[in-house]
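What follows is the residue order along each chain.
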Amino acid sequence: MVAKKEHVSETQATQFLRKQGVIFSDHPYDYEEHGGTSVSARELGVDEHHVVKTLVMQDEAAKPLIVLMHGDRKVSTKNLARQIGCKSVEPCKPDVAQRHSGYMIGGTSPFGTKKAMPVYVEKSILDLDKIYINGGRRGYLIGINPAVLGTALHAKPVECALEE
């Protein structure tokens, strides 16, 4: 018997990437509530450092922004604010993040968001050969070349990672 490749239906993110001509691989996995990147890394058999989380944050004026961070690191909001010229940055509340991105928490992708937001990427992510990032649904990551973050999202590199 031949194992059938699991069919993955289109999301806003995959539609956005296909329109841009971006090549990516599909990586569905069994989603676990509050499992985070450690679960997806384990399920896919990849290093958590290569799994990138998409964080919807806001500045002091409540303007939303996206931060892309290694799965095994967290964001220093103080360092981020300093680097992007804001007084402060904080995570958005889940319902606010969902309103800005159009994605459910746990399934937030930086691609094809409802609202256009500036995107910041931890600089060392750009040095990796391949990253795994949310494809627009819980339990679904896509594998891409990190250079796509610059070309498709105009992501600006920042250095604000803290050890988890």
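Heads up: the structure comes first, above all this text.
Residues numbered from 1 in each chain as written. Predicted model: local features only at pLDDT ≥ 70, side-chain atom pairs only at ≥ 80, totals over all residues. Heavy atoms only, no water.

## A closer look at the overall build of the protein
Here comes step 1: Secondary structure assignment for the protein yields five helices and 10 strands.
Here comes step 2: For 164 residues, the compact-globule estimate of 2.2 N^0.38 gives 15 Å, and the protein sits close to it at 15 Å.
Here comes step 3: Seen through its principal axes, the protein has C-alpha atoms that stretch 60 × 30 × 30 Å.
Here comes step 4: In the protein, buried positions account for 49% of the 164 residues.
Here comes step 5: Across the protein, contacts joining residues at least 24 apart in sequence account for 63% of those joining residues at least 6 apart.
Here comes step 6: Of the roughly 8900 Å² that the protein leaves accessible, carbon and sulfur atoms contribute 51%.
Here comes step 7: Computed over 21 positive and 20 negative side-chain charges, the inter-centroid distance for the protein is 7 Å. (Helix = DSSP H or I, 4+ residues; strand = E, 2+ residues; numbered from the N terminus. Rg over C-alpha atoms; globule rule 2.2 N^0.38 Å. Buried < 20%, exposed > 50% of the residue type's maximum accessible area, 1.4 Å probe, protein only. Contact = heavy atoms within 4.5 Å. Areas by Shrake-Rupley, 256 points an atom, 1.4 Å probe, with all protein chains shown as cover. Lys, Arg positive; Asp, Glu negative; His and termini not counted. Charge placed at Lys NZ, Arg CZ, Asp CG, Glu CD.)

## Here we look at unusual backbone geometry
Here comes step 1: Of note in this structure, A62 is not a glycine but carries a positive phi near 65°.
Here comes step 2: Its place among the elements puts A62 in the loop between β2 (51–59) and β3 (64–70).
Here comes step 3: Even without being glycine, H154 reaches a positive phi, approximately 55°.
Here comes step 4: Structurally, H154 can be placed in the loop between α5 (147–153) and β9 (156–158).
Here comes step 5: Residue class for H154 comes out exposed when judged on its relative accessible area of 58%.

## Some remarks on helix α3 (residues 77–84)
Here comes step 1: Looking only at α3, the buried set comprises L80, A81 and I84. All buried residues of α3 fall inside an arc of 100° around its axis, so they share one side. Exposed positions of α3 whose direction lies more than 90 degrees from the buried face are K78 and R82.
Here comes step 2: Summarising the contacts, the buried residues of α3 are in contact with β2, β3, β4 (73–75), β5 (89–91), β6 (119–122) and β9.
Here comes step 3: Count one or two residues on from α3 and you reach G85, which has phi positive near 75°. (Arc of directions from axis to C-beta.)

From the geometry alone we can't say anything about function, so treat these as descriptive.
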